[in-house]
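The chain contents come next:
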Amino acid sequence: MTNHIDLGTVLRQTLSASLYSNLVTRPTGLAVRTQIESLLADTLATGRALTVIDFSHVSMIDFSCADEIIAKLLMSHGAQGLESYFVFRGMTEDHWDAIETVLERHGLALVVERDDGVEIVGVLALHERRAWDMLKKRGRLALADLPIESDEMQETVRDGLDALCRRRLIMRANDMYVPVGELA
C-alpha cells in the first residue's frame with residue numbers, strides 16, 4: 001500500500017495555523033513526526049508500506065525539524081524492524097542544507113523523487129552506491145541477473161543490494177530487487 005503525506009497539510013493541522021508553511025523548532029518537528037507515525041500506524045499493521053513524504057507545500061525546514069522528522073522517522077522505523085519504506089518528494093534547495101547535514105550527522109540516506117527520476121542521497125558506502133547505480137540502470141534486478149564477471153564482483157553487488165534493502169532504500173520482492181521510488 002502507498003501512502004501520500006503532504007507535510008504542509010500535516011503542519012497546518014498539527015499547529016492549527018492555516019498559512020504556516022515553515023518547519024522550524026524541535027517541538028514542531030516532534031508534533032509533525034508524531035502525526036506522521038499516527039497516520040502510518042494502521043497501514044504498518046497490515047505489513048509492508050510505502051510512504052511518499054511530500055515537501056511541496058513547505059517553504060523551509062530547519063536543522064532541528066529535519067532531525068525530528070526525517071532522521072528520527074527513518075531511524076525509528078529501521079530499529080523497530082518495520083517494513084516501511086519512504087520516498088521524499090518536492091524537496092528544494094531551501095530544504096536541502098538542513099536535510100543534508102542531518103543525513104551526514106546520522107549516517108543516513110533516503111530516496112528522493114525528482115523531475116528526472118529517483119535517486120538516493122545521503123551517506124552510502126561505495127558498494128551500496130555501485131549497487132544502486134546498477135539497479136537504477138536496469139529498473140529491477142533479479143539475483144540471477146547479477147553480473148557474472150567474477151564471483152567477487154557478484155558478491156560485492158549482492159552485498160550492496162542487501163545493504164540497501166536493510167536500510168529500506170530498495171525493496172526485495174521474491175528474487176527481485178526494486179527501487180522503492182519506482183513504486184511510488
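Draft legend 1. Seen up close, the pairing of strand 3 (residues 49-54). Taking burial as the measure, the six residues of strand 3 include six buried ones, the bulk of the element. Judged by which residues are buried, strand 3 turns out to be covered on both faces: Ala49, Thr51 and Ile53 on one side and Leu50, Val52 and Asp54 on the other are all buried. In the sheet, strand 3 pairs with strand 5 (residues 84-89) via six bridges, with the strands oriented parallel. Its bridge partner being in strand 5, alanine 49 is matched across the sheet by serine 84.

Draft legend 2. Quick peek at helix 5 (residues 126-138). Here helix 5 contains 13 residues, and its C-alpha end-to-end distance of 19 Å stays within 8% of the 18 Å for a straight helix at 1.5 Å per residue. Just downstream of helix 5 lies glycine 139, where phi reads positive at about 90 degrees.

Draft legend 3. The arrangement of the nonpolar core in detail. Core analysis: the largest hydrophobic core is formed by 31 residues, its most contacted members being Leu23, Phe55 and Ile70. Those elements that provide at least two residues to this core are helix 1 (7-15), helix 2 (26-45), helix 3 (63-79), strand 5, helix 4 (93-106) and strand 6 (109-114). Among the elements that take part in this core, helix 3 stands out by supplying seven residues, more than any other. Here phenylalanine 55 is in contact with Leu7, Leu23, Ile61, Ile70, Phe88, Arg89, Gly90, Met91, His95 and Ile99, once residues within four sequence places are set aside. Counting 24 residues, the second largest nonpolar core, distinct from the first, contains Tyr85, Val118, Leu124 and Leu141.

Draft legend 4. Representation of the environment of isoleucine 53. Here isoleucine 53 shows up in strand 3. Along the sequence, isoleucine 53 and glycine 90 sit 37 residues apart, while their C-alpha atoms lie 8.5 Å from each other. In this structure isoleucine 53 touches Ile5, Leu7, Ile36, Leu73, Phe86, Val87, Phe88 and Arg89, once residues within four positions along its chain are discounted.

Draft legend 5. Seen up close, the environment of valine 123. Tracing the chain through its elements places valine 123 in the loop between strand 7 (117-122) and helix 5. Valine 123 gets classed as partly exposed once you look at its relative accessible area, which sits at 32%. As a C-alpha pair, valine 123 and arginine 105 span 18 residues in sequence and 9.3 Å in three-dimensional space. If sequence neighbours within four positions are ignored, valine 123 has contacts with Leu103, Glu104, Gly107, Leu108, Ala109 and Arg167.

Draft legend 6. Region of the structure containing the pattern of salt bridges. As enumerated under the stated definition, the model contains eight salt bridges in all. Taking the shortest distance from any N to any O, the salt bridge between arginine 33 and glutamate 37 comes out at 3.6 Å. Residue arginine 33 and its partner glutamate 37 are both found in helix 2; the two are separated by four residues, about one turn of the helix. One salt-bridge network, held together by shared partners, links Arg26, Arg33, Glu37, Asp67, Glu68 and Lys72.

Draft legend 7. Local environment of the sheet that holds strand 10 (residues 176-179). With respect to topology, three strands assemble into an open sheet ordered 8-10-9, the strand pairing being antiparallel. This sheet does not close on itself; its edge strands, each paired only once, are strand 8 (141-142) and strand 9 (170-173). Examined bridge by bridge, strand 9 and strand 10 share four bridges and lie antiparallel to one another. Among the inter-strand pairings, isoleucine 170 is bridged to a residue of strand 10, identified as proline 179. The strands touched by helix 5 within the sheet are strand 8, strand 9 and strand 10, with strand 10 carrying the most contacts at an inclination of about 85 degrees.

Conventions used here
- Residues numbered from 1 in each chain as written.
- Predicted model: local features only at pLDDT ≥ 70, side-chain atom pairs only at ≥ 80, totals over all residues.
- Heavy atoms only, no water.
- Buried < 20%, exposed > 50% of the residue type's maximum accessible area, 1.4 Å probe, protein only.
- Helix = DSSP H or I, 4+ residues; strand = E, 2+ residues; numbered from the N terminus.
- Pairing = 2+ DSSP bridges.
- Expected span 1.5 Å × (residues − 1).
- Core = buried A, V, L, I, M, F, W, Y, C linked by side-chain atoms within 4.5 Å.
- Contact = heavy atoms within 4.5 Å.
- Salt bridge = Lys/Arg side-chain N within 4 Å of Asp/Glu carboxyl O.
- Axes fitted to C-alpha atoms, helices over the stretch in contact; angles between N-to-C directions.

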